[in-house]
Amino acid sequence: VSGYLNRFDTDVRADGNTARGNEMNLKRDLGLDDNKAIAYIGATWRPFDHHEFGIGYYRNDLDNTRQLQRQFEFNDTLYEANAVVGTEYDFKAYELNNVWWAASHENWALGPRLGLVWYSINLGLSVQVDSGGNQVSGSRSNEVSADLPAPTIGGSWRWSPADQWRISADVGYFSANVQDVDADVTFGRAGVEWYPWERFGFSLDYTLSHIDAQASKNNFRGNFDFQDAGVRFGVAYRF
């Protein structure tokens, strides 16, 4: 279990039925905070000497209201400059991975890694004050949501320089079309673990993931270019 101080950079383009949308940045255009501490939970299981399985989950939900500095089209709706727009952004990530420790020695191990991060994204915009300064009565909102699978193929490395310490690194990349999502995915992580007690310890790592996805789904047609990076500090318990 860890606290994840993440920093994201996200560009989104949502195409409508009649027109192509404009690319917008969630921080620059909508004012969403790109630096936030969130919770992360994960587990690994090594049932065999040379196989390890891992799962993880984290969620980042943000909202903001701001006056637009420029005009853009989003999902067949034109949002004009100077309009006041409320934004709600909900982002969930589900992680799965499997490592085969092909080279396993007394104090280090190396092997291929298969990973999958399933991103669930929901982005909603609502106009509160129009570009002429008039309060908007009723609901004038727009929402898109998408599930973006991001598989990776790469490698993992572990090294124990001393009894209480372990250093690790994981990398992965994949480019494919999965479920109407054409995506390029890059993943990397490096960290250190310290176990001053037999079962309890601490971890510190840095992660980076980037997905550039072109989607043609019923509830989202457009482009999603997302980079998530940050530091995680946590506590671990070994069974």
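Each helix and strand in the chain was counted, giving zero helices and 14 strands. Along its sequence from the N terminus, the chain presents helices and strands in the succession β-β-β-β-β-β-β-β-β-β-β-β-β-β. In the chain, which comprises 239 residues, the share counted as buried stands at 41%. Partitioning the intrachain contacts of the chain with sequence separation of at least 6 by distance along the chain shows that 62% fall at a separation of at least 24. Here the chain displays about 12800 Å² of accessible surface, and carbon together with sulfur accounts for 52% of that area.

All right, on to the pattern of salt bridges then. Side chains that carry opposite charge are capable of pairing whenever their charged atoms lie near each other. Inspection of the entire model under this criterion finds eleven salt bridges. Counted as one network, the salt bridges with shared partners bring together Arg158, Asp170, Arg189, Asp205 and Arg232.

Attention shifts here to a nonpolar patch on the surface. A surface patch of nonpolar side chains, amounting to about 450 Å² of accessible area, comprises Leu204, Tyr206, Leu208, Val231 and Phe233. Elements with a minimum of two residues in the nonpolar patch: strand 13 (200-217) and strand 14 (220-237). When residues in the nonpolar patch are grouped by element, the largest group, three residues, is from strand 13. Turning to its location among the elements, Phe233 is positioned in strand 14.

Once that is clear, we can look at the packing of aromatic side chains. Tallied over the entire structure, the rule returns 20 aromatic pairs. A ring pair is formed by Trp45 and Phe53, whose centres lie 6.2 Å apart and whose planes are at 35°; its orientation type is tilted. The exposed category is assigned to Trp45, whose relative accessible area is 58%. Taken together, the aromatic side chains of Tyr4, Phe8, Tyr40, Tyr58, Tyr89, Phe91, Tyr119, Phe224 and Phe226 make up a single cluster linked through ring pairs. Note that Arg232 overlies the ring of Tyr4, its terminal NZ or CZ placed 5.8 Å from the centroid. Over the aromatic face of Tyr195 sits the side chain of Arg238, whose NZ or CZ is 3.7 Å from the ring centroid.

Pairing of strand 9 (residues 108-129) with strand 10 (residues 141-162) involves 19 bridges; the strand directions are antiparallel. Bridge pairing in strand 10 links Arg113 to Gly154. As judged from the eight bridges shared by strand 10 and strand 11 (residues 165-178), these two strands associate in the antiparallel manner. Across the sheet, residue Ser156 finds its bridge partner in strand 11, namely Asp170. Connecting the antiparallel pair strand 10 and strand 11 is a turn made up of two residues.

Here we take up the side chain of Thr10. Relative to the helices and strands, Thr10 resides in strand 1 (residues 2-14). Under the relative-accessibility criterion, Thr10 is labelled buried at 1%. Here Thr10 is in contact with Met24, Asn25, Leu26, Tyr89, Phe224, Asp225 and Phe226, once residues within four sequence places are set aside.

Here we take up the environment of Tyr58. Structurally, the position occupied by Tyr58 is in strand 4 (residues 51-67). The contact partners of Tyr58, leaving out residues within four places of it in the chain, are Tyr4, Ile38, Ala39, Tyr40, Phe91, Lys92, Ala93, Glu95, Tyr119 and Asp228. A distance of 2.7 Å separates polar atoms of two side chains, one belonging to Tyr58 and the other to Asp228.

Attention now goes to unusual backbone geometry. Glycine aside, the phi torsion of most residues is negative, and most peptide linkages are trans. Of note in this structure, Asp76 is not a glycine but carries a positive phi near 70°. Among the structural elements, Asp76 can be located in the loop between strand 5 (72-74) and strand 6 (77-79). Residue classification places Asp76 among the partly exposed residues on the basis of a relative accessible area of 30%. For Asn82, which is not glycine, the phi torsion reads 80° and is therefore positive. Considering the arrangement of structural elements, one finds Asn82 in the loop between strand 6 and strand 7 (84-100). For Asn82, a relative accessible area of 44% translates into the label partly exposed.

Rules of the game
Residues numbered from 1 in each chain as written. Predicted model: local features only at pLDDT ≥ 70, side-chain atom pairs only at ≥ 80, totals over all residues. Heavy atoms only, no water. Helix = DSSP H or I, 4+ residues; strand = E, 2+ residues; numbered from the N terminus. Buried < 20%, exposed > 50% of the residue type's maximum accessible area, 1.4 Å probe, protein only. Contact = heavy atoms within 4.5 Å. Areas by Shrake-Rupley, 256 points an atom, 1.4 Å probe, with all protein chains shown as cover. Salt bridge = Lys/Arg side-chain N within 4 Å of Asp/Glu carboxyl O. Patch = residues over 30% accessible without salt bridge, like charges linked within 9 Å, V, L, I, M, F, W, Y side chains within 5 Å. Phe/Tyr/Trp six-rings, centres within 6.5 Å; stacked < 30°, edge-to-face > 60°. Lys NZ or Arg CZ within 6 Å of the ring centre and 35° of its normal. Pairing = 2+ DSSP bridges. Polar contact = N/O pair within 3.5 Å; in protein donor to acceptor, adjacent residues only side chain to side chain.

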